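# Residue-level structural notes
Spelled out, the chains give:
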Amino acid sequence: MELMISLGIGLLTASGIYLILRERTFSVILGITLLSYATNLLIFVSGRLVLGAPPLVVPGQAQHTDSIPQALVLTAIVISFGMTAYIVALALRAKGESGTDHVDAEERPR
Amino acid sequence: MSHVLLLPILLPLLAAVVCVAGQKRGLAFQRPVSLAATVALPLVAAVLVASAAQGEISSYAMGAWPAPFGIVLVLDRLSAAMVMLTSVLALPALIYSLAGADAKGRSFHALFQFQLAGLNGAFLTGDIFNLFVFFEVLLGASYGLLAHGGGLLRARASITYIVLNLAGSTLFLIALAFIYGTLGTLNIADLARVLPQVPPSDQALVRTAFALLVIVFALKAALLPLSFWLPLAYGAAIAPVAALFAVLTKVGIYALLRISGIVLNSAEFTVSLFDPWLVPVAITTIAVGAIGVLAAPRLSVVVAYLVVVSTGTLLSVITVLDTASTAAVIYYMLHSTLATGGFFLLADAIANQRGDRGDKLERGPHVRDLKVLGSAFLVLAVAVSGMPPLSGFLGKVMLMQAVQSSEWVEAIWPALLVSSLVVGLALARQVSVLFWEPIADEPRPVYPPPSRLRATAVVALVAASPILTLATGSVSAYARAAAEQLVARQGYIDAVLGTTPQIIRERRPR
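Residues numbered from 1 in each chain as written. Chains lettered and ligands numbered in written order. Predicted model: local features only at pLDDT ≥ 70, side-chain atom pairs only at ≥ 80, totals over all residues. Heavy atoms only, no water.

## Considering the pairing of strand β2 (residues 72-75) of chain B
Residue and element names in this part refer to chain B. Here β2 shows a buried face lined by Val-72 and Val-74 and a second buried face lined by Leu-73 and Leu-75. Pairing analysis gives four bridges linking strand β1 (residues 58-61) to β2, with the strands arranged antiparallel. Along β2, the bridge assignment pairs Ala-61 with Val-72. (Buried < 20%, exposed > 50% of the residue type's maximum accessible area, 1.4 Å probe, protein only. Helix = DSSP H or I, 4+ residues; strand = E, 2+ residues; numbered from the N terminus. Pairing = 2+ DSSP bridges.)

## A closer look at the nonpolar core
All names here are of chain B. Counting residues in hydrophobic clusters, the biggest one holds 208 residues, and the most contacted among them are Phe-210, Tyr-234 and Phe-377. When residues of this core are assigned to their parent elements, the largest contribution, 17 residues, is made by helix α14 (residues 323-352). Formed jointly, this core draws a minimum of three residues from each of two domains, domain 1 (1-269) and domain 2 (274-442 + 450-491). Sequence-distant contacts of Phe-377, that is, excluding residues within four places in its chain, are made with Leu-299, Phe-343, Leu-346, Ile-350, Leu-427, Val-431, Leu-434 and Phe-435. (Core = buried A, V, L, I, M, F, W, Y, C linked by side-chain atoms within 4.5 Å. Domains from an automatic or database assignment. Contact = heavy atoms within 4.5 Å.)

## What to know about the interface of chain A and chain B
On the chain B side, the residues contacting the 29 residues of chain A number 30 residues. Each partner contributes to the roughly 2,700 Å² buried at the junction of chain A and chain B, and carbon and sulfur atoms together form 76% of this total. Remark: the boundary between chain A and chain B carries zero salt bridges. At the junction of chain A with chain B, the criterion picks out four residue pairs in polar contact (both at pLDDT 80 or more). Of all the secondary structure elements, the ones that give two or more residues to the side of chain A that touches chain B are α2 (25-45) and α3 (68-98) of chain A. By residue class, the composition of the side of chain A that touches chain B is 18 nonpolar, six polar and five charged. (Buried area = accessible area lost by both parts, 1.4 Å probe. Salt bridge = Lys/Arg side-chain N within 4 Å of Asp/Glu carboxyl O. Polar contact = N/O pair within 3.5 Å; in protein donor to acceptor, adjacent residues only side chain to side chain. Nonpolar A, V, L, I, M, F, W, Y, C, P; charged D, E, K, R; others polar.)

## Some thoughts on helix α2 (residues 27-52) of chain B
Residues and elements named next belong to chain B. For α2, spanning 26 residues, the distance from its first C-alpha to its last is 37 Å, which sits close to the expected 38 Å at 1.5 Å a residue. Three or more residues of α2 are buried, namely Gln-30, Ser-34, Ala-37, Thr-38, Leu-41, Pro-42, Val-44, Ala-45, Leu-48, Val-49 and Ala-52. On its buried face, α2 sits against α1 (7-21), β2, α3 (77-97), α4 (108-124) and α19 (472-488). (Expected span 1.5 Å × (residues − 1).)

## A few points about helix α11 (residues 248-263) of chain B
Counted at 1.5 Å a residue, the expected span for α11 of chain B with its 16 residues is 22 Å, and the 22 Å between its end C-alpha atoms agrees. Burial of α11 of chain B is extensive: 16 of the 16 residues sit out of reach of the surface.

## Comments concerning the packing of aromatic side chains
All names here are of chain B. One pass over the structure, following the stated rule, counts 17 aromatic pairs over all chains. Considering the side-chain rings of Tyr-161 and Trp-229, the 5.5 Å spacing of their centres and the 50° angle between planes classify their relative orientation as tilted. Residue Tyr-161 is located in helix α6 (residues 152-183), and its partner Trp-229 is located in helix α9 (residues 229-236); the two are separated by 68 residues in the primary sequence. By relative accessible area, which is 1% here, Tyr-161 ends up buried. Look at Trp-229 and you get buried, because its relative accessible area is 8%. (Phe/Tyr/Trp six-rings, centres within 6.5 Å; stacked < 30°, edge-to-face > 60°.)

## With respect to the domain arrangement of chain B
Residue and element names in this part refer to chain B. Assigned domains of chain B: these are domain 1 (1-269) and domain 2 (274-442 + 450-491). One C-alpha centre belongs to domain 1, the other to domain 2, and the line joining them spans 22 Å. Across the contact, 50 residues belong to domain 1 and 50 residues belong to domain 2. Overall, the association of domain 1 and domain 2 removes approximately 4,300 Å² of surface from exposure, summing both partners, and the carbon and sulfur fraction of that is 78%. The tally of links between domain 1 and domain 2 comes to zero salt bridges. In this assembly, domain 1 and domain 2 are joined by 11 residue pairs in polar contact (both at pLDDT 80 or more). Mapped onto the side of domain 1 that touches domain 2, the elements with two or more residues apiece are α2, α3, α8 (200-221), α9, α10 (239-245) and α11. The element that contributes the greatest number of residues to the side of domain 1 that touches domain 2 is α3, accounting for 11 residues. When its residues are assigned to classes, the side of domain 1 that touches domain 2 shows 37 nonpolar, eight polar and five charged.

## Re the packing of α3 of chain B against helix α18 (residues 452-470) of chain B
Residues and elements named next belong to chain B. At their nearest, the axes of α3 and α18 sit 8 Å apart, and the two run at 155° to each other. Classified by the interaxial angle, the pair formed by α3 and α18 is roughly antiparallel. The way α3 lies across α18 gives a crossing that is left-handed. Contact with α3, carried on its side by Leu-89, Pro-92, Ile-95 and Tyr-96, involves Leu-453, Arg-454, Ala-457, Val-458, Ala-460 and Leu-461 of α18 and no other residues of that element. Among the residues forming the contact of α3 with α18, the class breakdown is nine nonpolar, no polar and one charged. (Axes fitted to C-alpha atoms, helices over the stretch in contact; angles between N-to-C directions. Parallel < 35°, antiparallel > 145°, perpendicular 65-115°, else oblique. Left-handed = near helix turned anticlockwise from the far one by under 90°.)

## Observations concerning the pattern of salt bridges
All names here are of chain B. This structure, assessed with the given rule, holds eight salt bridges over all chains. Arg-258 serves as the salt-bridge partner of Asp-76, at 2.9 Å between the closest nitrogen and oxygen. On the criterion of sequence distance, the pair formed by Asp-76 in the loop between β2 and α3 and Arg-258 in helix α11 is long-range, its members being 182 residues apart. Assessed through its relative accessible area of 3%, Arg-258 is described here as buried. With a closest N to O distance of 3.0 Å, Asp-190 and Arg-193 form a salt bridge. Of this pair, Asp-190 and Arg-193 both sit in helix α7 (residues 188-194), three residues apart, which is roughly one turn of the helix. Judged by its relative accessible area of 0%, Asp-190 falls in the buried class. Among the residues examined, Arg-193 registers a relative accessible area of 30% and is labelled partly exposed.

Structure follows, in structure tokens:
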């Protein structure tokens, strides 16, 4: 389980970084999204992976999950979601004004 | 401490909500609301400074959840000073925008107030995750403000700025995940308490986490090589927004001061986190900023590079985090924020009288108010370049005295002195281009009607440096006391955690 999660986070981060470095705003935004997924997973597991346990202290139950990372990840998801929505809107406006979705708002001669 | 501690966040937040709700009623409704909140803010800040100046650190537990389980707001001398600085800068910026800049797009006032709420929250919070949230509030507002006014240049600058900051936020979260994963807390005072007990096997991970955090703050403060976004973004923003942004980079420096002063210095293995690299990088930042000041094509870009220079100047001294250097950093921070903020407004006031040439640094038509604008330029140029007799000079002297015994003194002194010289030279050349060599046969542009609002705002911020100079005695005494409080550290920890009974933590599974 630990291996799978860490590989997943690694893969998401690597793909995110690759996409961020691309020259089209669409791929850059996708990259940001993937990076935020990776971060959310990372925050989630920072409370350690516990299977089948409630995020509360229940009398009689020996194990429980750390609930703080779950609250943190909720905040992080909301924030990254809002910011992504804004940058999509802005990128669309820039494309409308310049006619290209290049990050520099102008095509480079090839 | 009473609920006054909440006001610097609640007041702008409330004003922002009212502005959003009254969107349909237009500017006639939003302007008084926004202005009232921004006028009240320095008064609230004055109450906070007066209370902090007594020397007591007060902590406010939100929802009465005791620290470290709930979020706390902490008021010490440093955070009170930063709230004061923000409100003193915000008022002239807002007054300037009332002359018409706020009508160039929608939601200016709501965004402006959200920005203030985020700034004040970031300065007051005592919780590192809450710091992230307030960073996002102020960044979210700044994304909107930067794009305010429209146009391709701003859209392009915004995209770069937002992508960089989103990447920065991601790094911030990664750092927080590692910090929570290893230390089990996110409360700044509690971090300082837990840090010395980290077992050696976890120390590398903790160091990495804090290094990531430092990178994030360096990005916000525009430290090289993370500073190239700044001239693009600040040069593209409209003047009142750029003036408010002058304090944005200082959030990064404040966070660095806070984290290194309270947390990093509390444990042996994190105390040297900045050691081998921060001074060279800061000095390179000064150099690149100074070259930018020489080479920039427009006056607002020049001022943006001046912000970069001030970041380098401040951070070159932060490695030696003793009382003297921290006090000097606080004083210089107040000075450079107000001076660069005023310079952004002045650049726009000059551009308004140059017709189509705007703030491009090329010979152009006569400016109408030559004497007023020229004198304001002189005052600000003397202040930012660090020439006597104004606050820039006093600030630099304090910085230089503070690093006297540092091993880096041979590098820092020349950097500070040469950057003064270069900035002074560059600004002198720009004066002659802008004011003294008008093209005689060029027809005069259509000057905008004189605006009392603009004039008030510019004069207020230009006067800030002379006023700061006159008040240097009391301001530097306050800065010194603030530095002592930060360096002492234990007072902060006790103020936040003191009332909590012994916290029993279960040992984390390894």
